[in-house]
Each structure stands twice: as C-alpha cells, then as structure tokens.
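# Tertiary structure, described
Below, each chain spelled out in residue letters.
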Amino acid sequence: MGRTSRTLSSSLGRKMLMAASGSFLSLFILVHLAGNSSALLGRTTFLAYVDYLHSLGVLLHFFEILLLTAFCTHVFLALLLFFENRKARPEPYAVVKSSGGATLAGQTMIYSGTVILLFLVLHLQNFLFIDRELPVADLLRTVLGNPALAVIYLIGTLAVGLHLSHGLWSLCQTLGLEHPKYTSTLDKKAALLGLAIGLFFALIIVVALFYPGFLL
Ligand code: HEM
C-alpha cells in the first residue's frame, strides 16, 4: 500500500490531513479578511492592497495552487467522513448530548461546508474569472451594491463563521490543546474567533450595501 493510501485509510492520518488543510484555509480566510478590511479605510488603501497582491505575480499563482489543493483535500476528506459515518450509523441519535462537539455549528458542518462551496463558485465568478474592465474597487461596489448578491454574500460569510467556529474548536481538540490545566477555555476562544471572522466579513457587506460612500 502506498504512503498516500495508508494515510487516507488511517483515521489519525485523515484527522491530521483535515486539520492541516483546515488550518491553511483558515489562515487564508484571516489574511483575506484583513485585506478586504482595507476597503473600510478608503479606496486608495484598498487599491494599494489589490495592487500589492497582483505584484506578487508567480508567487500568487503558486499560493492559489496550494489553496486549491488544500480546499480539494478538505472537501474530499469531509465527504469521505460524512458517508462513512452515515454507513456506520444510518439512523441519527434520538438524544443529542450537549458536549462541546454537539453544538449547532458542529452538527451542521456538512451543510455550512456545502453553502461555502456554492458561495465560492459565485464569488470566484464575480471577482476572479472575469474580464477586468472595472478596477476591483468599483467591481466590489457593483457586486455588493446589488441587494440580491449582498444577501447571498451574507449567507455565505455567515456560513463561513459557523463552519470556522466549529473547525477551530475541533482543531484545538485534534492538537490536544484542550488540556484543562492550561487552556481550559482555548477551544471556546477559538470558536468565538471563527464566529467573529464571519461577522466581520458580514459587516463589510452591510457597510457596502447601506453606506457605499463610507466603504470606497
Ligand atoms: C466581504 C466578503 C468578501 C469580499 C468583499 C471579498 C472580495 C474578494 C476580492 C476583491 C477578490 C479578488 C482579489 C483579486 O483581485 O485578486 C477575492 C478573491 C477570493 N476570495 Fe473573497 N471576498 C469576500 C469573502 C470571501 C470568503 C468568505 C472566502 C472564503 C470562503 C473568499 C474566498 C476567496 C478566494 C478563494 C479568492 C481567490 C483568491 C486568489 O485568487 O488568490 N472570499 N475576494
């Protein structure tokens, strides 16, 4: 058996791959949020950020390939886990214990993940796979100034917050950071951070929709 198949067939290997790909994606989302927040500081700042991003050239493309690889790995493992769990336990439990993992965010990971996937298809179509006639700042205004699109973006980014909230909590568990002696609340803080990231994205969308002059 090859190394890849061995890793994929061991549950520890899968957990580690899920954690590694999830950490990389979370880091990207954090950097993306920081970059997008520059729109709140005005058009010049936002355009400077986008120009810097594009000046990275081949490095940016290398990063995009890494991002796509992490994303595909994460989705593949999530689906594998989901269908294996369903095969092992076709009937859901009648009683849900209220441990940290049995929160709304924890129980809806496959659904929030699916919403994120659909949101990303639209998002990349809006911003990446287009003929760039408009500067990105005007594009942002056009996309988020459309109420129907803004609502879809709000749903997408809130799904990101929900997904990250359980994902970061789960990462702390996988890395064994939940030790009661020194990090009794670290996993809860991670869950709050995930939610805060989603809410901050949502804030940018709300500002763009109702106060476009303030945004760019
Ligand atoms: C307020 C919400 C958001 C805004 C305004 C926004 C804005 C943008 C913009 C302007 C770009 C194009 C950047 C460029 O010119 O290269 C972009 C790309 C991208 N966005 Fe977002 N974004 C938002 C939320 C998200 C979320 C929540 C995710 C992840 C789940 C995401 C994932 C991506 C990805 C994967 C790319 C392509 C990155 C690349 O090619 O390097 N975005 N976004």
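Let me begin by describing the structure that accompanies this report. (Residues numbered from 1 in each chain as written. Predicted model: local features only at pLDDT ≥ 70, side-chain atom pairs only at ≥ 80, totals over all residues.)

### Comments concerning the overall build of the chain
Looking only at helices and strands, one finds eleven helices and zero strands in the chain. Secondary structure elements of the chain occur, N-terminal to C-terminal, as α-α-α-α-α-α-α-α-α-α-α. Here the chain, with 216 residues, has 19% of them falling under the buried criterion. When contacts within the chain are restricted to residue pairs at least 6 apart in sequence, long-range pairs at least 24 apart make up 77% of them. (Helix = DSSP H or I, 4+ residues; strand = E, 2+ residues; numbered from the N terminus. Buried ≥ 20, exposed ≤ 12 C-beta atoms within 10 Å, placed from the backbone. Contact = placed C-beta atoms within 7 Å.)

### Points about the site of the ligand
The immediate surroundings of the ligand are formed by 20 residues, with Asn36, Phe127, Val160, Phe201 and Ile204 found nearest. Counting residues per element, the ones that place at least two in the shell around the ligand are helix H2 (11-37), helix H3 (43-55), helix H4 (58-88), helix H6 (109-127), helix H7 (136-144), helix H8 (147-174) and helix H10 (186-210). When residues of the shell around the ligand are assigned to their parent elements, the largest contribution, four residues, is made by H6. Broken down by class, the residue content of the shell around the ligand amounts to 15 nonpolar, four polar and one charged. (Near = placed C-beta within 6 Å. Nonpolar A, V, L, I, M, F, W, Y, C, P; charged D, E, K, R; others polar.)

### Some details on the nonpolar core
The biggest cluster of nonpolar side chains holds 24 residues, and the ones touching the most others in it are Val160, Leu168 and Ala190. Here this core takes nine residues from H8, the largest share from any one element. Other than its neighbours up to four places away in sequence, Ala190 contacts Leu168, Trp169, Leu171 and Cys172. (Core = buried A, V, L, I, M, F, W, Y, C linked by C-beta atoms within 7 Å.)

### Quick look at H3
Relative to the 18 Å expected for 13 residues at 1.5 Å per residue, H3 spans 18 Å between its end C-alpha atoms, a close match to the ideal helical length. Directly after H3, the chain includes Gly57, whose backbone phi takes a positive value near 55°. (Expected span 1.5 Å × (residues − 1).)

### Some remarks on the packing of H8 against H10
Relative orientation of the contacting elements H8 and H10 amounts to 170°, with a least axis distance of 7 Å. One way to sum up the angle between H8 and H10 is to call them roughly antiparallel. Of the two possible hands of crossing, H8 and H10 adopt the one that is right-handed. For the contact of H8 with H10, a count of residues per class yields 23 nonpolar, eight polar and one charged. (Axes fitted to C-alpha atoms, helices over the stretch in contact; angles between N-to-C directions. Parallel < 35°, antiparallel > 145°, perpendicular 65-115°, else oblique. Left-handed = near helix turned anticlockwise from the far one by under 90°.)

### Structural notes on the environment of Pro212
As for its placement among the helices and strands, Pro212 is situated in helix H11 (residues 212-215). Overall, Pro212 belongs to the partly exposed group, with 13 C-beta atoms counted inside 10 Å. Here the alpha-carbon distance between Pro212 and Leu144, two residues 68 residues apart in the chain, equals 8.9 Å. Ignoring any residue separated from it by four or fewer positions in sequence, one finds Pro212 in contact with Arg141 and Gly145.

In short, geometric facts, not functional conclusions.
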